[in-house]
Amino acid sequence: MDSLEPDDKKTTNGDSAQEALPPPPPVIPPDVVLLHAEPEQPPEPVKKKVVRVPIARRGLGNKGQKIPLLTNHFKVMVSNVDGHFFHYCVTVTYEDGRPVDGKGIGRRVIDRVQETYDTELSGKYFAYDGEKSLFTVGPLPRNKLEFTVVLEDVQSNRNNRNSSPDGRGSPNESDRKRLRRPYQSKTFQVEISFASKIPMQAIANALRGQESENSQEALRVLDIILRQHAAKQGCLLVRQSFFHNNPRNFADVGGGVLGCRGFHSSFRTSQGGLSLNIDVSTTMIIQPGPVVDFLIANQNVRDPYSLDWSKAKRTLKNLRIKTNPSNTEYKITGLSEKPCKEQMFTLKQRNVKDVDGDSTIEVTVYDYFVNHRGIELRYSGDLPCINVGKPKRPTYFPVELCSLVSLQRYTKALSTLQRSSLVEKSRQKPNERMKVLSEALRSSDYDSEPMLQSCGISISTSFTQVEGRVLPVPRLKVGNGEDFFPRNGRWNFNNKKLVQPMKIGKWAVVNFSARCDIQGLVRDLIKCGELKGILIDPPFDVFQENPQSRRAPPVVRVEKMFEEIQSKLPGAPQFLLCLLPERKNSDLYGPWKRKNLAEFGIVTQCIAPTRVNDQYLTNVLLKINAKLGGLNSVLAVEHSPSIPMVSKAPTIIVGMDVSHGSPGQSDVPSIAAVVSSRQWPLISKYRASVRTQSPKVEMIDSLFKRVSETEDEGIFRELLLDFYTSSGKRKPDQIIIFRDGVSESQFNQVLNIELDQIIEACKFLDDKWSPKLVVIVAQKNHHTKFFQPGSPDNVPPGTIIDNKVCHPRNNDFYLCAHAGMIGTTRPTHYHVLLDDIGFSTDDLQELVHSLSYVYQRSTTAISVVAPICYAHLAATQIGQFMKFEDMSETSSSHGGLTSVGAVPVPQLPRLQENVCNSMFFC
């Protein structure tokens, strides 16, 4: 095997890298380039690029104790397999030809078409997606149909939901020239033209593993029928989840935000046939009711006079309100510049004429409502008005007459407190969830849906039975050569030593004004460390923050603290223990980590010591030991080493993930994190590379980044060189990649875009080197759950399912590696997209299971393989270095995402050499 030093500049002689980027511009005389440009031999025919697709299942696993389970998939029978769906394009325009852009109006128009022209449509039912696509079972009478329909009470400012015909006194009537009369009937032109024909047979083909565009389209039609069914019941639709306007389903999580419980409902093809997957789903909505109550809760102030109105303006933009007393619905466009008592507008006086026609007077909004309309205003005279008009033609309402409409989504990221409140209020025990799901299926009443009837679809009411297997628990090794088996996915270090404890010599404590007995904390930490085998010297010093600095910005507080440390410490410390005043989201965390890791290369552990006991200190020590290069426990098969396939040849295990800003932030860079194993044959030690990339881009674009003929600045080169130096100068013969966070529609991109970069990075280091690759995708956000019949408990840790509800063709399985202590266990859905190594089904499933037991931060099996968890942690921690959220204060929290191309994004600072290969993220 070729040896390859990290600084060797081996390049490829093949053209693979050459094709990746255009050659650099010529910097030598043009005649030389011309010589090079001459073909030396006849040009070869262009090779057609092979497109990789996910591999098929090779067989089912056998290992483990069999266990009968139920799952939330309900069997679907389709009798009309010979029929066809006909797909039609829909365009809806106003009378004058302007396109209709108001959301929600399309459904009303199409409903009206169906009612009015039933006979011309041969009584056909529609499945309409609310936008441009409409489906029928069997054809409509003609390929192109045009209709004219009239809708009453469509408001002319295109606020179109639930409005009621007017009594003439509404404040934006003809007496206020802002809006044309809002209540008028509107005429719409509708054109329905044939687009394509989809055989229902495609569904049956998909069930035999023959997926096609047709089968995906046919399933999409079935899902559209479910959406339409929910829309007719007045639900809020979020993809395939449906939320009823029922306050019983709302849970207040603070900040004017409610968790709203609803249901996910979608059709899935599986080995067992077609099934309907129903699950509980939660979305966040704005607290309905008076606007002022929402703002007070949102900003956590005591009364409307303490509100920050510039913040309120951003929060309220685009939200829908109803106004008193007319109960009309509008969309908020902004706020008035001045308070209600000072904000003037021009009032047309009816039945009073002057020389120029209608007489007009200037009045304040307050005066108009109180004196002209006789409406009492208690508190909004001194507050801004709500504007629902156009920028040039505002329409103002006093804030106390405005109430927020229910079921409006809140799309900003939740705070830590809101998140924990949501988890607490929305979790359900398995048997409770089963009851709720049975009830949801019953109340959905899909049997009465005419479109499903015309497809010949009937849905079973009982949970599907599947067979699971409980895999054997991996044996672990701790200090002094001691072995033990975890019980129920958990273990502890009572009376045990760590397998590879570190010694902590030069260290210090830094306290950012946290209240705590530091002497006692240090004493207990040293004592607890000793029991675990970690020898800790007394700290060099305790640095207390100067009380004057407490009010300074976080970055300044960190700077000042570091000046103090540098002036007193004789040299760089091995380790700093940092005490923070707040638990969870302290503003000091990001700047402190950045200073330590990126500027000084110091290992650091932050704690917020509120309840310090033995268990707490042990957990802190597990993290410190891993960060300093130690190991807490390892798998027995890793120690011996006897992991099938992995221990036989140098193997690197990689975890990849991309984290994005919250849905409301369209301009926050996404963060790609790639962690990789080191010191083969270990699979418990990892390092991480983290880079920013364009917002909302899911494919990692910096795996291979060629900057010149000899240089690649990509992530993969970095981790391959580290593996090589840390594994006795061996290159990996095998690369096992775990990829998180991609949906089924993106599998081909992972296999062709990301994998190509990885192969190029390998070839760029040595073009004769072709390691074998395995690619496995892990998904957590799916809706399949498993239950033990007749038991209130979750499925036992190690439960694996690879039959009945899995993919008809592809190689996938569900694994619940962890013990679900609260709520209902969410299994991880693993998809094996590629396996060049040739694992047996049992060996691969056992490897995935084992990787849930190597997480150094805890003494439990975790729900997804450790390399993926580490990738999340690394992305989150380094993302804190740069507070991207600040950039996005301007981006609206309710507007749609702006589509962003490859925009330049700020780069993250690189970590210092002495910590960049550490488990700093632990």
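Note that the coordinates shown come from a computational prediction; the quantities given were computed from them, not determined experimentally. (Residues numbered from 1 in each chain as written. Predicted model: local features only at pLDDT ≥ 70, side-chain atom pairs only at ≥ 80, totals over all residues. Heavy atoms only, no water.)

J.: Could you give an account of the overall build of the chain, naming the residues involved and the relevant values?
T.: For the chain, the count of helices and strands is 22 helices and 39 strands. For the chain, the residues scored as buried account for 54% of the 922 residues in total. Within the structure as shown, the chain displays about 42,000 Å² of accessible surface, and the carbon and sulfur contribution to it stands at 50%. (Helix = DSSP H or I, 4+ residues; strand = E, 2+ residues; numbered from the N terminus. Buried < 20%, exposed > 50% of the residue type's maximum accessible area, 1.4 Å probe, protein only. Areas by Shrake-Rupley, 256 points an atom, 1.4 Å probe, with all protein chains shown as cover.)

J.: Break down the sheet that holds strand β22 (residues 476-477) for me, with residues and values.
T.: Spatial strand order, β23-β22-β30: three strands in an open sheet with antiparallel pairing. Because the sheet does not close on itself, it has two edges, and the strands there are β23 (483-484) and β30 (634-635). Across two bridges, the pairing between β22 and β23 is antiparallel. Counterpart to L476 in the pairing with β23 is F484. (Pairing = 2+ DSSP bridges.)

J.: I'd like a description of the packing of aromatic side chains, backed by residues and values.
T.: Under the criterion given, the structure shown has 22 aromatic pairs. Summarising the aromatic geometry, the rings of Y94 and F188 are spaced 5.4 Å apart at their centres and angled 35° between planes, so their arrangement reads as tilted. Of this pair, Y94 sits in strand β2 (residues 84-94) while F188 sits in strand β6 (residues 184-199), and the two are 94 residues apart along the sequence. Look at Y117 and F147: their rings are 4.6 Å apart centre to centre, the planes differ by 40°, and that puts the pair in the tilted class. Note that Y117 is positioned in the loop between α3 (105-116) and β3 (127-128) and F147 in strand β5 (residues 144-154), a separation of 30 residues in sequence. (Phe/Tyr/Trp six-rings, centres within 6.5 Å; stacked < 30°, edge-to-face > 60°.)

J.: So what about the packing of helix α17 (residues 715-726) against helix α18 (residues 747-765)? Which residues, and what values?
T.: Remark: α17 packs on α18, axes separated minimally by 9 Å, with the N-to-C direction vectors making an angle of 55°. By the angle between their directions, the pair α17 and α18 is classed as oblique. Relative to α18, the crossing made by α17 is right-handed. On α18, the residues touching F716, R717, L720 and L721 of α17 are I758, A761, C762, F764 and L765. Classifying every residue of the contact of α17 with α18 gives eight nonpolar, no polar and one charged. (Axes fitted to C-alpha atoms, helices over the stretch in contact; angles between N-to-C directions. Parallel < 35°, antiparallel > 145°, perpendicular 65-115°, else oblique. Left-handed = near helix turned anticlockwise from the far one by under 90°. Contact = heavy atoms within 4.5 Å. Nonpolar A, V, L, I, M, F, W, Y, C, P; charged D, E, K, R; others polar.)

J.: Please provide a residue-by-residue account of the pairing of strand β31 (residues 651-659), values included.
T.: By the criterion of burial, β31 is predominantly enclosed, with eight of the nine residues buried. In terms of strand pairing, β31 meets strand β34 (residues 734-740) through six bridges, oriented parallel. Among the inter-strand pairings, I653 is bridged to a residue of β34, identified as I736. For β31 and strand β32 (residues 670-677), the ladder comprises six bridges, and the chain directions are antiparallel. The partner of V654 across the bridge, within β32, is S676.

J.: Can you tell me about the pattern of salt bridges, naming the residues and giving the values?
T.: A pair can form between side chains of opposite charge whenever their charged atoms are brought close. Enumeration according to the criterion identifies 33 salt bridges in this entry. With its nearest N and O atoms 3.3 Å apart, the salt bridge here joins D537 to K503. Taken as a pair, D537 in the loop between β26 (535-536) and β27 (542-544) and K503 in strand β24 (residues 503-504) lie far apart in primary sequence, 34 residues in all. Owing to a relative accessible area of 47%, K503 belongs among the partly exposed residues under this scheme. Between E718 and R910 there is a salt bridge, with its nearest N and O atoms 3.9 Å apart. (Salt bridge = Lys/Arg side-chain N within 4 Å of Asp/Glu carboxyl O.)

J.: How would you sum up unusual backbone geometry? Please name residues and give values.
T.: The omega torsion of the bond from N324 to P325 falls at -5°, within 30 degrees of zero and hence cis. Here P325 shows up in the loop between β13 (320-323) and β14 (328-331). A positive phi is found at N327, a non-glycine position, where the angle reads about 60°. Structurally, N327 is set in the loop between β13 and β14. Look at K729: it is not a glycine, yet its phi comes out positive at around 55°. Summarising the element assignment, K729 is placed in the loop between α17 and β34.

J.: Residue-level account of empty space enclosed by the protein, with values.
T.: On inspection of all chains with the given rule, the structure shows one cavity of 30 Å³ or more. Each pocket or cavity is described by its volume, and for the largest cavity that value is around 40 Å³. W491, F493, L622, N632, S633, Y853, V854, Y855, Q856, S858 and T859 together form the lining of the largest cavity. (1 Å grid on protein atoms, 1.4 Å probe; cavity = no way out; pocket = protein on both sides within 12 Å on 5 of 7 lines; lining within 4 Å. Points joined across faces, edges and corners; volume = space filled by probe spheres on them.)

J.: Tell me what's going on with the pairing of strand β33 (residues 686-693), and back it up with residues and numbers.
T.: Two faces make up the sheet, and in a regular strand the side chains alternate between them. The buried count for β33 comes to eight of eight residues, which makes it a mostly enclosed element. Side-chain alternation along β33 places Y686, A688, V690 and T692 on one buried face and R687, S689, R691 and Q693 on a second face that is also buried. Here β32 pairs with β33 via eight bridges, running antiparallel. Residue pairing in the sheet places V674 in a bridge with S689 of β33.

J.: Account for the sheet that holds strand β25 (residues 507-511), with residues named and values stated.
T.: Taking strand neighbours across the sheet as the criterion, the four strands line up as β27-β25-β28-β29 in an open arrangement whose pairing is parallel. Every other strand in the sheet has two partners, leaving β27 and β29 (603-607) as the edge strands with one partner each. Here the average twist between neighbouring strands, direction ignored, is 20°. The pairing of strand β28 (residues 575-579) with β29 spans five bridges and is parallel. What sits directly across from F575, in β29, is V603. Sheet strands touched by helix α15 (residues 614-627): β28 and β29. Its angle to β29, the strand with the most contacts, is close to 160°.

J.: An account of helix α7 (residues 309-316) is needed here, citing residue identities and associated values.
T.: Residues separated by three or four positions in an α-helix point in the same direction, a consequence of the helix having 3.6 residues per turn. Where α7 is concerned, the buried positions are W309, A312, T315 and L316. All buried residues of α7 lie within an arc of 110° about the axis, which places them on one face of the element. At the C-terminal side of α7, N318 shows a positive phi close to 75°. (Arc of directions from axis to C-beta.)

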